[in-house]
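Architecture at a glance
Listed below, chain by chain, are the residues.
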Amino acid sequence: MSSEAVKPRVRFAPSPTGHLHVGGARTALFNYLYARRHGGTFVLRVEDTDQERSTPESVRGILDSLRWLGLEWDEGPEAGGDHGPYFQSERRELYRKELDRLIGEEKAYRCFCTPEELAERREEAKAAGRPLGYDGRCRTLDDAGREKLAAEGRLAAVRLVVPGGETGWKDLVRGGVSFQNDQFGDFIIFKSDGFPTYHFAVVVDDAEMEITHVIRGDDHISNTPRHLMIFEALGRPAPLFAHVPIILGADGGRLSKRHGATSIGQYREEGYLPEAMVNYLALLGWSTSDSRQIFTLDDLISEFDIPRVSKSSATFDPEKLLWLNNFHYLKLPPAERAKRLVPYWERDGMDAGARDPAWLEKVVEIVGDRVKVLPDIGRYTEFFFRDVEPGEAEQKVLRKAEKVMPALQKVIARFAGMDPFSEEAIEKAIKEEAAAAEVGLGKVIQPIRVAVMGRKVGPGLFESLELFGREKVLERLRAAFPTT
Ligand code: GLU
């Protein structure tokens with residue numbers, strides 16, 4: 001490398017066989033941050049060589065989730081770029097060309113062994129305590145031998161000639177790592193169905209796309225020696241590798257569905273903010289020296305770097321994510337909060353989108369920090385939109401209101417003549433009538449709350465009543481506490 005540092009090119013390479021999950025999103029984020037921090041390029045490559053399990057819906061979902069998180073890619077699907085196509089399924093000719101070159105250079109060879117034969121010989125090797133990798137039987141076939149096997153109708157896979165010795169690298173996260181080559185044997189790089197293996201496609205693509213840094217989950221560590229051997233065989237320089245630590249659930253097992261939501265789409269559904277998600281994902285295996293917890297995406301771009309990625313596993317803590325969600329929610333200006341809440345209101349049948357934005361903003365302000373995840377908004381504000389059927393606990397409150405009925409009727413009478421119907425005047429009237437009737441304030445407030453809101457808990461009563469408006473408040477109070 002010259003003193004003029006080469007701009008990094010990194011990639012996120014999801015297999016579109018499901019949703020974008022927490023681990024994948026964290027890998028995407030680290031790559032994105034690394035590229036942005038160092039003025040490099042973030043490539044998105046779709047690894048859809050597994051024809052059976054890859055789906056267009058999954059591709060769509062992954063792209064949507066990445067965009068929702070704010071992780072725009074510079075090259076890839078829907079972005080274009082000079083190194084396309086960015087779907088592996090459209091790059092088969094290239095893999096084939098590279099494969100033929102390796103075969104021509106005798107760095108790879110056709111193997112006709114059937115799965116049954118391989119299994120049998122593996123058992124023998126096991127019993128004899130020999131390495132379990134491929135025994136190299138087809139490595140020394142000549143043309144005639146190959147023709148004979150092909151004539152038997154056998155399909156050929158292609159294997160890489162794996163040299164003896166060991167393969168190692170200096171991992172940017174884990175330091176020196178090395179593996180004995182004999183544990184891999186001559187592994188398959190092209191399957192008999194005419195598709196490259198993951199290992200071969202990844203390496204050809206990383207080489208062709210001029211990837212400088214491979215940042216990926218450490219479940220890929222044992223793949224890396226194979227990848228290095230393929231780079232070597234192709235005569236292409238290998239990128240640097242950074243294997244980021246595994247993410248565990250609270251019980252110490254690898255993070256999975258049994259720990260709750262793992263897909264980014266599901267968190268979105270459940271009302272988490274992308275700001276909170278990104279903040280939380282960044283802290284899964286990375287930290288600053290002062291253990292700072294709160295970051296925006298821009299903060300992360302200026303702070304993130306690989307040397308501070310941890311070698312040890314990260315534990316996913318849903319409570320912390322929830323806390324961050326509430327924090328980032330409160331950091332948004334009320335108008336923005338309202339905008340983000342509208343789809344969640346509407347999802348629960350409240351026509352927030354049709355309401356005056358200034359009014360919605362006030363509703364949001366009244367609810368304050370009670371919203372931990374966005375769908376919480378419905379529970380606290382439903383009464384603004386429609387009548388709420390009181391539950392059993394609420395009906396009990398209404399029945400008990402009999403005891404304070406005179407005070408309630410006085411409050412209703414005062415509300416009727418109240419102008420302006422303001423928070424202060426409402427509070428004053430309720431407090432005075434409770435005091436005059438010599439009953440606890442709560443005993444008057446609670447039935448009013450239940451009568452208007454249909455619930456025992458909700459936002460501050462006085463301000464809510466003001467915002468709801470005098471006529472509507474009176475209507476609900478009169479319905480709950482008729483005078484006759
Ligand atoms: N497609 C691989 C996966 O989804 C990632 C390959 C890589 O990062 O090298 O696990």
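Coordinates for the structure precede this section.
Residues numbered from 1 in each chain as written. Predicted model: local features only at pLDDT ≥ 70, side-chain atom pairs only at ≥ 80, totals over all residues. Heavy atoms only, no water.

We now examine the overall build of the chain. When you go through the chain residue by residue, the secondary structure sums to 20 helices and eleven strands. Over its C-alpha atoms the chain spans a radius of gyration of 32 Å, topping by over 25% the 23 Å that the globule rule assigns to 484 residues. Counting only C-alpha atoms, the chain reaches 105 × 55 × 40 Å along its principal axes. Here the chain holds 484 residues, and 50% of them are scored as buried. Long-range contacts, defined as pairs at least 24 residues apart, comprise 74% of the intrachain contacts of the chain with a sequence gap of at least 6. If you sum the accessible surface of the chain, you get close to 23,300 Å²; carbon and sulfur atoms cover 50% of it. (Helix = DSSP H or I, 4+ residues; strand = E, 2+ residues; numbered from the N terminus. Rg over C-alpha atoms; globule rule 2.2 N^0.38 Å. Buried < 20%, exposed > 50% of the residue type's maximum accessible area, 1.4 Å probe, protein only. Contact = heavy atoms within 4.5 Å. Areas by Shrake-Rupley, 256 points an atom, 1.4 Å probe, with all protein chains shown as cover.)

A separate point is the nonpolar core. The biggest cluster of nonpolar side chains holds 107 residues, and the ones touching the most others in it are Leu 69, Trp 345, Phe 415, Ile 430 and Ile 448. Here this core gets nine residues from one element, more than from any other, and that element is helix 1 (residues 22-37). In this structure, Val 202, Ile 230, Phe 231 and Ala 233 belong to the second largest nonpolar core, which totals 35 residues. (Core = buried A, V, L, I, M, F, W, Y, C linked by side-chain atoms within 4.5 Å.)

In this section: the site of the ligand. Lining the immediate surroundings of the ligand are Arg 11, Ala 13, Ser 15, Glu 47, Tyr 198, Val 202, Arg 216 and His 220. Within the backbone of Ala 13, one N or O atom sits 2.7 Å away from a nitrogen atom of the ligand. Measuring from a nitrogen atom of the ligand, one finds a side-chain N or O atom of Glu 47 at 2.5 Å. Class assignment of the residues belonging to the shell around the ligand gives a composition of three nonpolar, two polar and three charged. (Near = heavy atom within 4 Å. Polar contact = N/O pair within 3.5 Å; in protein donor to acceptor, adjacent residues only side chain to side chain. Nonpolar A, V, L, I, M, F, W, Y, C, P; charged D, E, K, R; others polar.)

This brings us to the pattern of salt bridges. Following the criterion strictly, the structure yields 42 salt bridges and no others. Close ionic contact of Glu 336 with Arg 340 constitutes a salt bridge, the shortest N to O distance being 2.7 Å. Taken together, the residues span about one helical turn, with Glu 336 and Arg 340 both in helix 12 (residues 334-347) at a distance of four residues. What emerges from the salt-bridge pattern is a single network uniting Arg 11, Arg 45, Glu 47, Arg 91, Asp 205 and Asp 206. (Salt bridge = Lys/Arg side-chain N within 4 Å of Asp/Glu carboxyl O.)

Taking strand neighbours across the sheet as the criterion, the three strands line up as 3-4-7 in an open arrangement whose pairing is antiparallel. Bordering the open sheet on either side are strand 3 (108-111) and strand 7 (188-190), each of which pairs with just one other strand. Taking the axes of each pair of neighbouring strands and ignoring which way they run, one obtains an average angle of 45° across the sheet. When strand 3 meets strand 4 (residues 157-160), the two strands line up antiparallel, connected through four bridges. Its bridge partner lying in strand 4, Cys 111 is registered against Ala 157. (Pairing = 2+ DSSP bridges. Axes fitted to C-alpha atoms, helices over the stretch in contact; angles between N-to-C directions.)

Let us look at a positive patch on the surface. The grouping of Lys 396, Arg 399, Lys 400, Lys 403, Lys 443 and Lys 456 at the surface amounts to a positive patch. Top element by residues in the positive patch is helix 15 (residues 392-400). It accounts for three residues. Among the structural elements, Lys 456 can be located in the loop between helix 18 (441-453) and helix 19 (461-468). Here Lys 456 falls in the partly exposed class, since its relative accessible area comes to 35%. (Patch = residues over 30% accessible without salt bridge, like charges linked within 9 Å, V, L, I, M, F, W, Y side chains within 5 Å. Lys, Arg positive; Asp, Glu negative; His and termini not counted. Charge placed at Lys NZ, Arg CZ, Asp CG, Glu CD.)

Burial within helix 14 (residues 376-385) is extensive, with nine of its ten residues counted as buried. Listed in full, the buried residues belonging to helix 14 are Asp 376, Ile 377, Gly 378, Tyr 380, Thr 381, Glu 382, Phe 383, Phe 384 and Phe 385. Of the surrounding secondary structure, the elements contacted by the buried residues of helix 14 are helix 12, helix 13 (357-367), helix 18, helix 19 and helix 20 (470-480).

Before going further, it helps to examine the packing of aromatic side chains. Using the criterion set out here, one finds 19 aromatic pairs in the structure. A centroid spacing of 6.2 Å and a plane angle of 50° characterise the contact between Tyr 267 and Phe 316, whose relative ring orientation is tilted. In this pair, Tyr 267 sits in helix 8 (residues 264-269) while Phe 316 sits in the loop between strand 11 (314-315) and helix 11 (318-331), placing the two residues 49 residues apart along the sequence. Of the aromatic side chains, those joined through ring pairs into one cluster are Trp 345, Trp 359, Phe 383, Phe 384, Phe 385 and Phe 468. When the ring centre of Phe 195 is taken as origin, the NZ or CZ atom of Arg 92, which lies over that ring, is 3.9 Å away. The lysine or arginine in question, Arg 159, covers the ring of Tyr 134, its NZ or CZ lying 3.6 Å from the ring centre. (Phe/Tyr/Trp six-rings, centres within 6.5 Å; stacked < 30°, edge-to-face > 60°. Lys NZ or Arg CZ within 6 Å of the ring centre and 35° of its normal.)

Our focus in this paragraph is the environment of Phe 231. Secondary-structure assignment places Phe 231 in helix 7 (residues 224-234). Judged by its relative accessible area of 2%, Phe 231 is buried. In sequence terms Phe 231 and Val 203 are 28 residues apart; their C-alpha atoms lie 6.5 Å from each other. Among residues more than four places away in sequence, those in contact with Phe 231 are Val 203, Asp 206, Ala 207, Arg 236, Pro 237, Ala 238, Pro 239 and Phe 241.

Our next topic: the pairing of strand 6 (residues 175-180). In the sheet, strand 5 (residues 166-171) pairs with strand 6 via six bridges, with the strands oriented antiparallel. Across the sheet, residue Gly 168 finds its bridge partner in strand 6, namely Ser 178.

Looking at the secondary structure, you find Asn 325 in helix 11. By relative accessible area, which is 1% here, Asn 325 ends up buried. One polar contact links the side chain of Asn 325 to the main-chain amide nitrogen of Leu 273, over a distance of 2.7 Å. Once residues within four sequence positions are removed from consideration, Asn 325 is found in contact with Gly 271, Tyr 272, Leu 273, Ala 276, Lys 372 and Val 373.

This part is about unusual backbone geometry. One can expect most non-glycine residues to show negative phi and most peptide bonds to be in trans. That bond from Gly 84 to Pro 85 is cis: its omega, -5°, falls within 30 degrees of zero. The residue Pro 85 is located in the loop between helix 2 (56-69) and helix 3 (92-104) in this model. Across the junction of Asp 419 and Pro 420, the peptide omega takes the value 0°, indicating a cis bond. Residue placement: Pro 420 occurs in the loop between helix 16 (405-416) and helix 17 (423-436). Phi is positive for Glu 438, close to 55°, though the residue is something other than glycine. With respect to the secondary-structure elements, Glu 438 resides in the loop between helix 17 and helix 18. Its relative accessible area of 72% is what places Glu 438 among the exposed residues.

Okay, the pairing of strand 4 next. When a strand is regular, its side chains alternate between the sheet's two faces. Burial of the side chains of strand 4 extends over both faces: Ala 157 and Arg 159 are buried on one face and Val 158 and Leu 160 on the other. Bridge count between strand 4 and strand 7: two bridges; the pairing is antiparallel. Bridge pairing links Arg 159 to Ile 188 in strand 7.

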